[in-house]
Every structure is written in C-alpha cells, then in structure tokens.
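Fold and contact review
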Amino acid sequence: MRLLFASSEIFPLVKTGGLADVAGALPAALAAEGLDVRLLMPAYRSLPGRGDCPEIARLGDPFGRGDTIIRESRLPGTDIPLWLVDNPALFDRDGSLYQDDSGRDWPDNDIRFGLLGWAAARLSQVNSPLGWVPDILHLHDWQTALAAPYLRAWGGQIPGIVFTIHNMAYQGCFAPDLVPRLGLPWSFYTMDGFEYWSQISYLKAGLVYADRLTTVSPTYAREIQSPAFGFGLDGVLANRAADLSGILNGADYSVWDPSIDPHLPCRYDAASVSEGKAANKARLQQDMGLPERPDAPLFAAVTRLSDQKGIDLLLSVMPSVIAQGAQFALLGSGERWLEDAFTAMARSCPETVAVHLGYSEEFAHRLQAAADFVLMPSRFEPCGLTQIYAMRYGTLPVVQRTGGLADTVVDATYDAMLAGTATGLVFEPPSSGALQWCIERAIGLYRNRAQMERIQSTGMRQDFGWDRAARQYIALYDGLRPGRRHGTGGEAR
Ligand code: ADP
Ligand code: GLC
C-alpha cells in the first residue's frame, strides 16, 4: 500500500507541538508494518541542509508566488523519503512556522498552506510528475486540508483521503476572495462545502471532502460532536459520525525513555527510578535556581501557554501550592499575559517557582525526569502526549478529565489503588477549585512513599507504543482502497 502523509511539522526537523511528534513517529511505525510511505512538508528556512537536497520535480507556479520545486530528503533515522515543498517566497523566512517574530500569524498563511494542500493533491494525481501515485493520502490539520477539495474538484481517479484532526481550535479561516485565487470552484463555497460564517475554512474543507475522518483519541472523537468542543463545526462532525473515529496517539519510546535519554544528567529505569529521579531533580533545582530540597514535591508543566491548556487555572492555585511546601517549574511559551504572570510569580517566589520561557527539547526531557508530578489542567485535550511521556518517566500526570487525558490516565482512586491500575490523578471540571483539591491529593500521595512508588511503577509499565495505532490506521486505509470504499465520503462528494 502506497501512502502519502502530509504534515506542516515533523519531529525532529521542525516542531511546535504534538503534531510534529505524531508526524515523526507514526510514518515509521506504518513503514515497519510494510507500507510504502512518503512524507510531505514545506521546506522551511530552519530545515538543516534543505538546499542540498536533490530536486525531483517542478510543480510550476499555481498562485503567482514563484516556482514550486519538490526536493527529496529522508526522515532522520529512517529511509522514508521526505518530500519538501520548496517555494522560497513562502517558506524561506525567519520566524516560526506559522508566525512572525512578534507572534503574529503570517499574513500569507492562506497561500502558504494553500500551496501545501495543492502540492499534496498534485502529487496524488495519477499523472503525478514523480511517477509514484499513492493509494491513500493522509492529511493532518487545516494546514494540509485543502488537498481534499482540490482532488474532488480536479476529478479523475484519486486516492482514498484520510483527514486527521489534531485540534478543532485551529481552523484556518480566510476571506472568500481566496477561493478563485486558489483556483477552487465557487460551487464548493456553500454551507455543505467549505464556507463557514462567510469565510473559507480549511479545517471544514478537510472535514467535508475527506473520505474518512479521524482524531487522536476516542473521547475527543465523541466530544467534538457536541457544541462545547466542536468550535462551531460539531454539526458537520455529527453528520459525518459514521466516517469519524478516534485512534489514540502513541509515544516514540526511542525518544522518550529515561533509560536511553541523551538529554538527562542521570538515566534510570524502573529498577532505579527513585535514585534516578532524585539525581535529576537535584540537578534541575540547581540549574533553575530553586533550593535543593529532595523532600519538596516538584510539580512541572511543559506546555504551550494557551487557553486550551488551562494554564490560567494553574496560576490561580499557585499560592496554595507554595503554601504547602511544594515547588513548581514551568517550561512553556505562548500567550504574553501568561508568560508575564508566571515570570512575575517566579520573581516574587524564587524559593518555590522557577520559569523557563521558550522552547527547549532538552529541557522538556529533563523536566519529565526531574518532576514528581506533571500538571495538565487542560480545558480540552485532543490527545496530549506529555502525560503519556510522563508515565514512562515515573512522573505522575495530574490531568483534567477530557479527551485523550481521560483515555490515558487512570485516577488513583481507592479502588484503582487496590487493583494496582492507578497511573496518575484525574480531576474535573476544569476549575481552580477542582485543580487545587487534586494538587492537595497529589501532595498527600507524595508523603506516602509506598503508594507513590506503586503508581510510578504501574505508569512506567504502560505501553503506548505506536504499533497499535499504526495497525488501526492500516485497517482504516484498507477499507479505502479502490473498490472497497463504503460510507458517505468518497466518490459521492
Ligand atoms: P500540544 O500538541 O497540544 O502542544 P501535546 O501534549 O500533544 O500538546 O504535545 C506537546 C509536545 O510539545 C510534547 O512533545 C512536549 O514535550 C512539547 N513541548 C511543549 N511545550 C514545549 C516547550 N516549551 N519546549 C519544548 N517542548 C515543548
Ligand atoms: C494537538 C493537540 C494534542 C495532541 C497533538 C498530537 O496539538 O492539542 O492534544 O496530542 O495535537 O495529536
């Protein structure tokens, strides 16, 4: 089976969040199951050595922004071909993937990711200039979603199209004058097509024109069909319920495992978790300027600072955390007011709160290893990978019961403790009161070494490897091979 897998970010090359982790690991798991996989991503300036990658096709200039070239590289550590969409006017610039240095979305994101979708569609046509035609095109989030309406509009024989939703909050909505500029038909600009409140929504285009929809946990698949989680598209999703499924993300244990993690000052495994975590904690306390207190429970957060993540709730319970003798370490970046508020808190409580603003892969690993608890008070969480990584590091996730958090963490209730199935602490609803109470439970648990160690070791034994998810995706792809398509998607659209 030939699979073209398109994503706007891929670990370890470029990453802003969990999407990159998925796009860096799932293709390798699919290739290990025997699929012929090719990856597609923009040739961003930050990509090491992109200019040296051989040119393998010229796609022309569909939007008047200069020629688009496809270059070939490999996904690091594998022999999976990585095709880079090279258009210097759109992708060769400083700043982050989606925003300029001052944190504003690039004003031409419509064309940048319009081109990514267009290129994915062009390379999926029977007459692709590469002479390799996929059976399945797998798209991720709004940045690649336009490939689906392009293929429908162009017609002819097309691959099965799978669209995976990693987050309903990011929709890619733009003014409708874009429709002709993108070369898409006005007939698609309707309520049943990609029109959304008088704009073109790239996310909706994926939801409407793909054959199958998936999201990254079973609970989130249910949640997004309701107004509270659907960001205005719950009706569209409910209409497509028969084609929508939740496949839980995995963890790449070649990257996230404390016994082989090159970022850690001290590596450890299940047999040496107590000493290993103590050593990493001491080093982190030193490096972050916190007093070296082995007995203080260390709470950490590694996160984008956004409304989704409930970080404001964390801010409001911080005085109580401090009063109970705990320490808190944050690695994150995002909304300015949250960055400022945590910086101010660290300044006024240097004994208990330490903040590292920005993005650091190394620090993310070190925090996972050093912390006793990782806090994820998310209001919604499509899957969440941080809590899955935390378990492998013997760090207890403290999570709000939503989306993938609900699907991956077993609360330390009395029954779960007796049964030996507990892996963390779960609370609801997403309120500061519920969070505060849960943190108090966590601190109580921390003082009970035997129970704490039992939960740690159960967490470390969990296996969220990607092979399970890969097999579920393959079953889905299989149902979409020519002559095997059912359901409401596909040719009917
Ligand atoms: P999301 O994709 O919504 O941000 P996930 O939990 O799925 O949430 O994935 C987050 C990923 O991004 C994890 O790999 C985590 O380690 C990483 N991450 C988040 N914030 C930072 C940061 N400031 N520095 C380094 N890595 C980060
Ligand atoms: C999104 C979600 C996160 C998920 C990740 C990878 O960024 O916010 O919950 O784990 O995508 O699927």
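**Focus on helix 4 (residues 147-154)**
With 6 of 8 residues buried, helix 4 lies mostly within the body of the structure. For helix 4, the full list of buried residues reads Ala-147, Ala-148, Pro-149, Tyr-150, Leu-151 and Arg-152. Buried residues in helix 4 make contact with helix 3 (109-122), strand 6 (136-140), strand 7 (160-165) and helix 6 (202-209). Looking one or two places after helix 4, you find Gly-155, whose phi comes out positive at around 70°.

**Here's the deal with the site of ligand 1**
Close to ligand 1 lie 21 residues, the nearest being Lys-15, Gly-18, Asp-21, Arg-304 and Lys-309. In this structure, Asp-21 approaches ligand 1 through a side-chain N or O atom, which is 2.7 Å from an oxygen atom. Between ligand 1 and Leu-385, the relevant distance is 2.8 Å, taken from an oxygen atom to a main-chain nitrogen or oxygen of the residue. Coverage of ligand 1 by the protein amounts to 93% of the 560 Å² it exposes when considered alone. The set of elements that each furnish at least two residues to the shell around ligand 1 consists of helix 1 (18-32), strand 13 (298-305), strand 14 (327-334) and helix 13 (386-392). It is strand 13 that contributes the most residues to the shell around ligand 1, 3 residues altogether. Per-class residue counts for the shell around ligand 1 are 7 nonpolar, 9 polar and 5 charged.

**Topic: the site of ligand 2**
Neighbouring ligand 2 are 14 residues, the closest being His-166, Asn-249, Glu-381, Cys-383 and Gly-384. In the environment of ligand 2, an oxygen atom lies 2.7 Å from a nitrogen or oxygen atom belonging to the side chain of His-166. Contacts to ligand 2 include Asn-167, whose side-chain N or O atom sits 3.3 Å from an oxygen atom. Protein contacts shield 93% of the accessible area of ligand 2, which totals 310 Å² for the unbound molecule. Top element by residues in the shell around ligand 2 is helix 1. It accounts for 3 residues. Its residues placed into classes, the shell around ligand 2 shows 6 nonpolar, 6 polar and 2 charged.

**Notes on the pattern of salt bridges**
Per the counting criterion, the structure on display carries 31 salt bridges. Between Asp-108 and Arg-93 there is a salt bridge whose closest N-O contact spans 2.7 Å. Within this pair, whereas Asp-108 is found in the loop between helix 2 (88-91) and helix 3, its partner Arg-93 is found in the loop between helix 2 and helix 3, the two being separated by 15 residues in sequence. As far as burial versus exposure is concerned, Asp-108 and Arg-93 are alike and both buried.

Definitions and limits used
- Residues numbered from 1 in each chain as written.
- Chains lettered and ligands numbered in written order.
- Predicted model: local features only at pLDDT ≥ 70, side-chain atom pairs only at ≥ 80, totals over all residues.
- Heavy atoms only, no water.
- Buried < 20%, exposed > 50% of the residue type's maximum accessible area, 1.4 Å probe, protein only.
- Helix = DSSP H or I, 4+ residues; strand = E, 2+ residues; numbered from the N terminus.
- Contact = heavy atoms within 4.5 Å.
- Near = heavy atom within 4 Å.
- Polar contact = N/O pair within 3.5 Å; in protein donor to acceptor, adjacent residues only side chain to side chain.
- Areas by Shrake-Rupley, 256 points an atom, 1.4 Å probe, with all protein chains shown as cover.
- Nonpolar A, V, L, I, M, F, W, Y, C, P; charged D, E, K, R; others polar.
- Salt bridge = Lys/Arg side-chain N within 4 Å of Asp/Glu carboxyl O.

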